[in-house]
Each structure stands twice: as structure tokens, then as C-alpha cells.
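Single-letter residue listing:
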Amino acid sequence: MNAMIRWGLIILMTGLLAACAQPKRDLTEAERLAAETAAAEAEAADRARREAEARGIGVDRDLRADPLDDPQSLLADRLVYFDFDRDTVRPEFIPMLEAHSRYLSQNPGARLRLEGHTDERGTREYNLALGERRAQSVRRIMTLNGARDTQLEVISYGEEMPVAFTQTEESWARNRRVELVYEVRR
Amino acid sequence: MKHRSLQVWLFGLLLLVTGQAAAVLEVTVTEGVTGAIPVAVTPFAWEGAGSAPEDVAQIVGANLVRSGLFQTIGRERLARAPTGPDDFLAEQWAAVGAEYLVIGRLLPEAERVLIEFHVFDVLANQRLGGFRIPVPPEMLRRGAHRVSDIVYEQITGEKGAFSARIAYVGVTGPTDDRRFTLEVADSDGANPRTLFRSSQPLMSPEWSPDGRHLVYVSFENRRSEIFRHNVESGARDRLASFPGINSAPSWSPDGRRLAMSLSRDGTPNIYIMELDTGALTQVTRSNAIDTEPAWSPDGEILYFTSDRAGSAQIYQMRLPAGTAQRLTFEGSSAGAATVSPDGKSLVYVQGGEGGLRLARLDLETRRVTLLTRGRYDKSPSFAPNGSMIIYSSTDRGRGILGSVSRDGRVHQRLAARTGEVREPAWSPL
């Protein structure tokens, strides 16, 4: 391998590693990307709607099934999982959060509770705060994607409400979560 | 205090199984010191009709053994107890291996029982003291704890804490329908009483300095809020229900203020609430997590947990609002500090490769000593005499309480027969 390419790769890898190792509060890049994607998608949806309307095809919202109940929809996903002692939303959860944000922006009456949880590794009060920080990360992404602040309520349960009860990495991973709970659906 | 060879030894001894409620605790000493001091506690004679309502000598003996510093001499080996202090014959007690002797009797009177007892130093051939404690008949068990406190102090020179109580959170029921209770029991786990039941989690109980109230966090309204609960009357009021989390209540030593962690302005910071007026003063201002405040005994310093430097660590701040100074540097994290009654050390939860363990920080020398070897040892609380620390632990995934002597040598566990127990708080004396 050519030395230049090798160095290039090393620098690239170091950059990637540094990006992975970024401190937990640094959400800006993910947020910016999420916001851009959401804006582009909203624009595309808007264009499609206008084109459909131009062709005389109206969408009757009342006759449509509630998309929240559609198991095929991204809206069926209501769980965001986190790394240990981190509050950064991993990229794989962004599309799902965008879908919920879109739903909220289209249904101004809808209300969503963001319930933050942690695993048991940490002191209880610290975990209560960490759970809140996770729910706040989710809220930030959702407001950047069109959900209104008033539609979102952040709650933390810390480690008090686990869903998995064994002391294993699998259980801990399932417990480190934010649950999206619709209080009002539309 | 006598100094002896301090090798650690292990034994399993079931000491107490009493009562009927679900959250009764069974106390087991799992590790003590070799050369525990042999004490003879002769049965206390009941000088009334029928038989004694409580075996006071048994309760006293069990308490002393539970401290890890004493062993008791089996009743079958006891010589005939002298009827009064004048009949004490040191040789007789030295012959059965006793270094100290406790004799006593119970004198029922009109509305009370008089517990009369004497403590002897067998090796020095002298009486250390004679005492009389009047108690209502139904409180004989409490009286026995008081006797234990006095015997402990006579022999070690340090106050006993057997008559203090412990509050803790009980959890029962299947994993999808858990029930949470706030419990108060004697220091030996006896006489448990449920103060509050909820289908939602309860957290962080702490006693007021006068022992009349508990504060705790309840999720009964589907979010964290701080409540105050009168232990005798059962009256309760909500102290903090601000937007965000309301957590980690800690009573000031003068009982007039409550430190707490609130995220009302976005991130959790430490606040102090005047209990008379409800007025709040913000103590820390960071964008990090600041929580788990604990007061120095003089009320001038707050210790708290913060992750302002990346990982959770313990800091101290001189009040009203000085600069925060970091205190912990060992392990990957530190939190949930509890201050020794003399104010000279902190016991806290240290995170590391092995899990969460209790460590003691000497505030003067800054030396750190690991006290426990569990993987989930959390929520430490100092006994009011500073001799022991009670904490939450787990046994095969089940929540139990542990206690460890200040030097880390004596270990015991307190487990509920059914369900889990956690977050213990030792009452003041």
C-alpha cells in the first residue's frame, strides 16, 4: 500500500475514533444532520402533497387509519437505546425520531411523554439525572425536526423502572432507554 | 476499646427471625473479627407473675454479637447468675471464659417495667456500673436495645446505636406489578412498620435530625417529587414539585433546611430550601449533573456528586456558595457520599472494574479505603455513633441490605424473607 494512502487511512480512522469518543454532550453534528434530513424530507413531502392536490387527489385524514397503530410504520418504534453512561442518540434511532417528530408536527394536538431510564450501574440519584439527560437529548432532536416544545414532556425514572431484571449486559442495554409514550394521539 | 488480633474470620449465623410482616429482615453476620470479646449475658430474671414478655438478655446478646466486636457465651455454659452485684465472683466467670458479665432483672410495676442491670469487668474484678431503665411493658424490646447501648458504651467507651432505627424501601410483587413500601424497623430488623405504600417507585429516604420525620422521593404522580412524612402521625406533605427532577433530599444538621437536587432550570443543580418559608437558594450553577448533597455536621460544607469533569465524582463546597473542590480521584466514578457523625470522613460509592463498592475517604489525610467487595453496593448511611455503615447490596440479583463496620472488618447482611429491600437510612439516636 502506498504510504500516502496508508497515512490517509490512519488519519481518517483516528478522526472516526475521535468522533466516536466525543463527550456525551456533543450532539451538535447529529442534530445538524437530523435537522437537515428532516428539512429535506418535509420539503419532499410538501411537494408531493401539492402535486397530489394539483391532480385533484385530496387526503382525507379522518378516513385514514391511525399511523401510530400501523406496525409497518416507523411510528410503531417507541424505544431509543443508549450506551453506558451516555446520553447521545445513536444514528440508527434518528429516522424513527424524525417520523415521530413529523407526526407531532402534523398533529398539533398530540402530546408525547419522553421517559428516560438507566441501568443499575451508577448511584440512584445520578441515574435519575442521567435518565433526564437522555430524554432531553431525544426532545432536542424532535424539536429540531418539527415537534413543538409544548407537545413534549420530559420525565426521568432513573434506574427505578427496569424492564429487564438480570444482571447482564443484555439486560442493562435494554434498560438504558427512552420510552416514547403518547398521552394524546392527535 | 481492647485491641486484639484483627484477622478476619467468616461465619454464617442466623440471629433474628421475628415478626410477621412481609418486609421482616433477617440479620446475618457474615464476617467479624477474630478474638471478639467474650461476654456473658445471663437471663434477666422476671420478678412478676407468669413469664417475661421478652427475653431481654437474648436481645442484648444478639445486639452485641451483631456489632462484630463481641461473642456471647452459650447459656448452657453460664454459671448461676448472682442475685445482686455483691455476689459477683470474678473467678467463677473467668472459668467459663467471660471477660465481661451482664446480669439483670425485670421488675414489673403499675404502668411500667423497671429493667435493672449491672456490667462487670471480669478480668479487672470490678463492677463498671449499675443501671435502671423504666419502660412501658409493650416497649420492653426497645428497652433491651437501650440496655445494649449502655453495655456497649461501658465496655468500648463509645456510644451504642442499637436503639436507633432504620428506614428503607421495600419492593415486592412480580416484575410487571411491583409494589413499593417505605418501612421503618428497629436496628436489628425487628418491629418493621410500613409507613407508606405505592405502586410507583420510592427513593432516597432520609431522617430529620430530630428523628420525627422522613423525607423521600415518590413517583406517585408519575414524576419525581419530594415528600416529608411524620413517622408517628403519618401526616405527609409535598415539599418539592418543580418542573424537571426533584431529588436527593438531605436535611441540614439544624433541621431547618433541606438540600436537594432540582433540574428546574434545565440541568440538575443543588438548591437549599428553607423549610419554614419554602424559599429556595441555588447553591451550584453548572451544566453538568450536580446531585446527592450531604451536609457536614457543622452545616458549613455541602458534599455532592457532579460529572462536571466528565465522570461522576464527589466535590465539596463551603456554604453559602464557595467554589467547588474535587475530592475523589480513585476509581472510574464516585457518588452518594454520606458524612461520618464526627465529620472526619466520607463513605461513598466508588465505581470501577469490579462494580460499585463502598469506600471511605479520610478528609484530613485524603486516604481512601475500600470497605466492601460487592458489585452493586450503593446508598450508604452512617450509624449515628459512626461505628457502622448500612447500605444497599444484592445477593443473586435480589436487593438486600448490608452493613459494614467503619474499618471494613465486620460485615453483615439484612435480607427480607420475601421481596427486596434497599436504600437504608439510619435514624439519629
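Residues numbered from 1 in each chain as written. Chains lettered and ligands numbered in written order. Predicted model: local features only at pLDDT ≥ 70, side-chain atom pairs only at ≥ 80, totals over all residues.

(A) A look at the sheet that holds strand E24 (residues 333-339) of chain B. Residue and element names in this part refer to chain B. The strand order across the open sheet built from four strands is E24-E25-E26-E27, with neighbouring strands paired in antiparallel fashion. Looking at the sheet topology across the chains shown, the edges are occupied by E24 and strand E27 (368-370). Across the sheet, the axes of successive neighbouring strands diverge by a mean angle of 30°, strand direction being ignored. (Pairing = 2+ DSSP bridges. Helix = DSSP H or I, 4+ residues; strand = E, 2+ residues; numbered from the N terminus. Axes fitted to C-alpha atoms, helices over the stretch in contact; angles between N-to-C directions.)

(B) Spatial organisation of the interface of chain A and chain B. Facing the 19 residues of chain A at the interface are 28 residues of chain B. For the side of chain A that touches chain B, the elements supplying multiple residues, two or more each, are helix H4 (124-144) and strand E3 (152-158) of chain A. Here the side of chain A that touches chain B takes seven residues from H4 of chain A, the largest share from any one element. Looking at the side of chain A that touches chain B, its residues break down into nine nonpolar, four polar and six charged. (Contact = placed C-beta atoms within 7 Å. Nonpolar A, V, L, I, M, F, W, Y, C, P; charged D, E, K, R; others polar.)

(C) Here's a closer look at the domain arrangement of chain B. Residues and elements named next belong to chain B. Each domain of chain B was delimited in the assignment, giving domain 1 (36-156) and domain 2 (165-426). With centres defined by C-alpha atoms, the gap from domain 1 to domain 2 works out at 36 Å. Between domain 1 and domain 2, the residue contacts involve six residues of the former and eight residues of the latter. Elements represented by at least two residues in the side of domain 1 that touches domain 2 include exactly helix H1 (56-66) and helix H3 (140-156). Ranked by the residues each element gives to the side of domain 1 that touches domain 2, the list is headed by H1, at three residues. (Domains from an automatic or database assignment.)

(D) Molecular detail of unusual backbone geometry. Residue and element names in this part refer to chain B. Across the junction of leucine 319 and proline 320, the peptide omega takes the value 10°, indicating a cis bond. With respect to the element layout, proline 320 can be found in the loop between strand E22 (313-318) and strand E23 (325-326). The phi dihedral of serine 379 is positive, around 50°, even though this residue is not glycine. Within the element layout of this structure, serine 379 appears in strand E28 (residues 378-382).

(E) Highlighting the pairing of strand E25 (residues 345-352) of chain B. Residues and elements named next belong to chain B. Among the eight residues in E25, seven count as buried, and that is most of the element. As paired strands, E24 and E25 are joined by five bridges and run antiparallel to one another. Bridging across to E25, serine 333 finds its partner in glycine 351. The turn linking E24 back onto E25 is made up of five residues, and glycine 343 within it adopts a positive phi angle of 75°. Bridging between E25 and strand E26 (residues 355-362) involves eight bridges; their strand directions are antiparallel. Paired with valine 349 across the strands is leucine 358, a residue of E26. (Buried ≥ 20, exposed ≤ 12 C-beta atoms within 10 Å, placed from the backbone.)

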